[in-house]
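Residue-level structural notes
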Amino acid sequence: MATIVIPTPLRKFTDNQSTLEVEGGTVKESIAELVAAFPALKSQLLDDGGSIRSFINVFVEDDDIRGLDREATAVAAGTTISIVPAIAGGIA
């Protein structure tokens, strides 16, 4: 099983769980399993076509999936998938 790390801003949709074990063989399957378990996350993570929203960064271990096979990136047992929503702000 892989572990998905849920960022603090999204934990209100996961009953405050910080991680979730999933069995998906790819990032897409793993995220699908996550939103099946917590349907309120779907609109937060996925666009109308079911793809990960462009402003959501997903890492497999330390690698951004945009530099790998995107949603088709394979995950294996023991893999950590981190969801990192974009954050705006800073000093003006």
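See the structure printed just above.
Just so we're clear, the structure is a prediction, and the values are computed from it rather than from any experiment.

1. Looking at the sheet that holds strand S4 (residues 63-64)
- On the basis of which strands lie adjacent, the open sheet formed by 5 strands has the order S2-S1-S5-S3-S4 and mixed pairing. Two strands in the sheet have a free side with no partner beyond their single neighbour: strand S2 (19-22) and S4.
- Here strand S3 (residues 56-60) pairs with strand S5 (residues 80-85) via 5 bridges, running antiparallel. From the neighbouring strand, Val 60 faces S5, where its bridge partner is Ile 81.
- Lying on the sheet, helix H1 (residues 27-37) is in contact with strand S1 (2-5), S2, S3 and S5; it crosses S2 at an angle near 120 degrees.

2. Some points on the environment of Ala 32
- Mapping Ala 32 onto the fold places it in helix H1.
- Take Ala 32: its relative accessible area is 40%, and that puts it in the partly exposed class.
- Along the primary structure Ala 32 and Lys 42 are separated by 10 residues, whereas in three dimensions their C-alpha atoms are 8.6 Å apart.

Thresholds applied
Residues numbered from 1 in each chain as written. Predicted model: local features only at pLDDT ≥ 70, side-chain atom pairs only at ≥ 80, totals over all residues. Heavy atoms only, no water. Pairing = 2+ DSSP bridges. Helix = DSSP H or I, 4+ residues; strand = E, 2+ residues; numbered from the N terminus. Contact = heavy atoms within 4.5 Å. Axes fitted to C-alpha atoms, helices over the stretch in contact; angles between N-to-C directions. Buried < 20%, exposed > 50% of the residue type's maximum accessible area, 1.4 Å probe, protein only.

As far as function goes, none of this settles anything; it's purely spatial.
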